[in-house]
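Spelled out from the first residue to the last, the chains are:
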2 protein chains.
Amino acid sequence: MAVPEKGVKLLDFWMSPFGQRCRIALAEKEVEYEHKLEDLSKKSDLLLKSNPVHKKIPVLIHNGKSICESLIIVEYIDEVFPGKTNILPSDPYARSHARFWADFVDKKVYDSGSKLLKSKGKELEEANKELIGIFKTLETELGEKKYFGDDAFGLVDIAFAPFTSWFYTFEAFGGFSVEKECPKLAAWGKRIKERESVAKSLHEPTKVYDLFCEIRKKFVDA
Amino acid sequence: MAVPEKGVKLLDFWMSPFGQRCRIALAEKEVEYEHKLEDLSKKSDLLLKSNPVHKKIPVLIHNGKSICESLIIVEYIDEVFPGKTNILPSDPYARSHARFWADFVDKKVYDSGSKLLKSKGKELEEANKELIGIFKTLETELGEKKYFGDDAFGLVDIAFAPFTSWFYTFEAFGGFSVEKECPKLAAWGKRIKERESVAKSLHEPTKVYDLFCEIRKKFVDA
């Protein structure tokens, strides 16, 4: 059952993995919200006013107050909205463990993945190696668990989930197979897509691939 | 009154601003702990085992479990140890606000400050301008408040406090005056040093300056 929440708005960009984290968290909590997609080449006054420091999406607006930075938004959603899912565990050590791995994803995957998608030659090879290393570290942390939060789908799953839609693109440009290098991670990627919150928040991998082909055409192969 | 806590250990480096954040938080909570200073050129087996992913200090070890990354450690300390100080406010919006600004300090001050301290010529000029901009943003956020958390000393104060010992060094190499550019920030820097937790965790600004003079001699002016 959806829980209508007055005054919840998400400023977002259609393919942002950071915005998708917020969408998944809101879906897990069954919060209804206004989804305002931004044109990043012409940012709205509302976005500039809501996040004057970074001027970036995503921004969650709740009761007229804005919350910025995706992982901070996800923690806020967890603290404010009741629901079947507890995104963070209640035990302080388990919370710090989840925060550590969400932070690892945050610092490593996007930067390394973007490097891979924007480079060629030797630089591409290095980025490739780096990203596989990051994935292997995450594979080790996941181990035999169902989710990163063990039986509970949680913060780390939400932080990393959007990048599963990028696997196909990483493979196409990097020339490696996530399935072969990190079979547990690949299986986890399929498993989380069985959750409605994830399935409805992510895009088809080919759509991400098409976008990066366009970007490469303009900035890398030009 | 000190609250003895069995099994609390902090792996640290003498002048690390990240380690200092943990020291301040532990002091605010009046937690007694074993302070193990690392030689970063020869990291201990305990450090490598406790933080196998980043292999970095600070690491807090509590009841045999390790917690890594300074802001995550500070939140853990707040959640686990009682004390007079609540490092994070109880209101979810105020919590997200504090997390946003602590994250801002985390992402901006160290990187930009390090750039300034390691560069010369045009690059130094640019780093200078960038750091002053970051300080002005923090000055605006501080405004007329006593602490970043208003009347309560909290997460953002702890995140930024260690860098007040770097002001003198930034000024010496960057050629600007924090006092002149950001008078409120300079006054806040003096105010927080009146707290025992901060005073005993930070070093004399000249000690930081001497270290960076050595570093510059080796890597910048060589």
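The shown structure was predicted, so the numbers you read here are calculated from the model rather than taken from an experiment.

Here we take up the overall build of chain A. When helices and strands are counted, chain A shows 11 helices and four strands. What you see for chain A is a C-alpha radius of gyration of 17 Å, in line with the 17 Å of a compact globule of 222 residues. Dimensions of chain A, computed from C-alpha atoms along their principal axes, come out at roughly 50 × 45 × 30 Å. Per-residue burial for chain A yields a buried fraction of 51% across its 222 residues. Restricting to contacts in chain A with at least 6 residues of sequence separation, those with at least 24 account for 70%. By element, 52% of the accessible surface of chain A is carried by carbon and sulfur atoms, the whole surface being about 10500 Å². Taking the 36 positively charged and 36 negatively charged side chains of chain A as two groups, their mean positions are separated by 3 Å.

Further remarks concern the pairing of strand E3 (residues 59-62) of chain A. All names here are of chain A. Going residue by residue along E3, you find Val 59 and Ile 61 tucked away on one face and Leu 60 and His 62 tucked away on the opposite face as well. One ladder, built from four bridges, connects strand E1 (residues 8-12) with E3; its direction is antiparallel. If you follow Val 8 over to E3, its bridge partner there is His 62. Note: E3 against strand E4 (residues 65-68), four bridges, orientation antiparallel. When the bridges of E4 are listed, His 62 appears paired with Lys 65. Taken together, E3 and the strand that follows it, E4, pair antiparallel across an intervening segment of two residues, in which Asn 63 is found at a positive phi of about 50 degrees.

As a further point, take the state of the cysteines. Residues and elements named next belong to chain B. If you walk through the whole model with that rule in mind, you get zero disulfides over all chains. Cys 68 supplies the cysteine sulfur nearest to Cys 22, a cysteine that is in no disulfide, at a spacing of 10 Å. Note on Cys 22: relative accessible area 0%, which makes it buried.

Let us look at the relation of the copies chain A and chain B. These two copies of the chain differ by a rotation about an axis and a displacement along the same axis. Once turned by 180 degrees and shifted 0.0 Å along the axis, chain A lies on chain B with an RMSD of 0.0 Å. Overall, the copies show the geometry of a two-fold rotation axis. Taking C-alpha positions as reference, the residue of chain A nearest the rotation axis is A:Lys107, located at 5.2 Å. Mapped onto chain B, 100% of the interface residues of chain A are again interface residues, and the two copies thus contact each other with one and the same surface.

It is common to give the size of an interface as the accessible area that goes away when the parts come together. All names here are of chain A. As assigned here, chain A comprises domain 1 (8-80) and domain 2 (92-219). Between the C-alpha centres of domain 1 and domain 2 there is a distance of 21 Å. Taken together, the contacts link 14 residues of domain 1 with 25 residues of domain 2. Here domain 1 and domain 2 share an interface that buries about 1800 Å² over both sides, 69% of which is from carbon and sulfur atoms. In terms of surface lost to domain 2, no three residues of domain 1 exceed Trp 14, Arg 21 and Ile 24, which account for 31% of the buried area on that side. Two residues, Arg 99 and Glu 75, come together in a salt bridge whose shortest N-O distance is 2.9 Å. Applying the counting rule to domain 1 against domain 2 returns eight residue pairs in polar contact (both at pLDDT 80 or more). Within the residue set of the side of domain 1 that touches domain 2, elements represented by two or more residues are helix H1 (17-28) and helix H3 (70-80). Ranked by the residues each element gives to the side of domain 1 that touches domain 2, the list is headed by H1, at nine residues. A per-class count over the side of domain 1 that touches domain 2 returns nine nonpolar, one polar and four charged.

For the rest of this paragraph, the subject is the sheet that holds strand E4 (residues 65-68) of chain B. Residues and elements named next belong to chain B. Within the open sheet, the four strands sit side by side as E2-E1-E3-E4. Their pairing is mixed. Two strands in the sheet have a free side with no partner beyond their single neighbour: strand E2 (34-37) and E4. Here the average twist between neighbouring strands, direction ignored, is 20 degrees. Judged from the four bridges that link them, strand E1 (residues 8-12) and E2 form a sheet pairing that is parallel.

Within the largest apolar cluster, 134 residues are counted, with the highest numbers of intra-cluster contacts made by A:Phe135, A:Leu138, A:Phe160, B:Phe135, B:Leu138 and B:Phe160. Residues within four places of A:Leu138 in sequence aside, it is in contact with A:Trp101, A:Phe104, A:Val105, A:Val109, A:Phe148, A:Phe160 and A:Leu185.

Another point: the side chain of A:Asp157. Residue and element names in this part refer to chain A. With respect to the helices and strands, Asp 157 occurs in helix H6 (residues 155-160). No salt bridge is formed by the buried Asp 157; its nearest oppositely charged neighbour, Arg 191, is found at 7.5 Å. Side chain to side chain, Asp 157 and Trp 188 meet in a polar contact 2.9 Å long. Residues in contact with Asp 157, not counting those within four places in the same chain, are Tyr 147, Phe 148, Gly 149, Ala 152 and Trp 188.

Here the focus is the pattern of salt bridges. Residues and elements named next belong to chain A. Overall, the coordinates contain 38 salt bridges over all chains when judged by the stated rule. Between Arg 23 and Asp 12 there is a salt bridge, and its shortest N-O distance comes to 2.6 Å. One end of the pair, Arg 23, is in helix H1; the other, Asp 12, is in strand E1, with 11 residues separating them in the sequence.

Reading the values: rules and limits
Counting starts from 1 at the beginning of each chain's written sequence and moves along it residue by residue. Following the order in which they are written, the chains are lettered starting with A and the ligands numbered starting with 1. It should be noted that, the model being predicted, local features are given only for residues of pLDDT at least 70 and side-chain atom pairs only at 80 or more, the latter also being counted only at that level, while totals for whole chains, interfaces and linings use all residues. Excluding hydrogens and water, the side-chain figures rest on all heavy atoms present in the structure. Put simply, DSSP H or I for four residues or longer makes a helix, DSSP E for two residues or longer makes a strand, and each gets a number counted from the N terminus. We compute the radius of gyration from the C-alpha atoms alone; for a globule the expected value is 2.2 Å times N to the 0.38, where N is the number of residues. Only protein chains enter the area calculation, which uses a 1.4 Å probe; residues under 20% of their type maximum are buried, those over 50% are exposed, and those in between are partly exposed. The contact rule is simple, with two residues in contact once any of their heavy atoms fall within 4.5 Å. Where accessible areas are quoted, they stem from the Shrake-Rupley method and a 1.4 Å probe; at the residue level, only the protein chains shown are allowed to cover. Here Asp and Glu are counted as negative and Lys and Arg as positive; His is not counted, and neither are the chain ends. Each charge is placed at NZ for Lys, CZ for Arg, CG for Asp and CD for Glu. In this analysis, strands are considered paired if DSSP registers two or more bridges between them. Cysteine sulfur atoms that pair up within 2.5 Å are treated as a disulfide. The atoms used to superpose the copies are C-alpha atoms, taken from residues with pLDDT of at least 70 in both, and the fit is least squares. As used throughout, domain bounds are those supplied by an automatic or database domain assignment. Summed over both partners, the accessible area (1.4 Å probe) lost when two parts come together is defined as the buried area. Between Lys or Arg on one side and Asp or Glu on the other, a salt bridge is scored when a side-chain nitrogen of the former is within 4 Å of a carboxyl oxygen of the latter. In protein, a polar contact requires one atom able to donate a hydrogen and another able to accept it; more generally it is a pair of N or O atoms within 3.5 Å, and residues adjacent in sequence count only if both atoms are side-chain atoms. In the scheme used here, Gly and all other residues not listed as nonpolar or charged are polar, with Ala, Val, Leu, Ile, Met, Phe, Trp, Tyr, Cys and Pro taken as nonpolar and Asp, Glu, Lys and Arg as charged. Every angle, taken between N-to-C directions, lies between 0 and 180 degrees, and every axis is a line fitted to C-alpha atoms, over only the stretch in contact when it is a helix. Among the buried residues, those of types Ala, Val, Leu, Ile, Met, Phe, Trp, Tyr and Cys that are joined through side-chain atoms within 4.5 Å form a nonpolar core.

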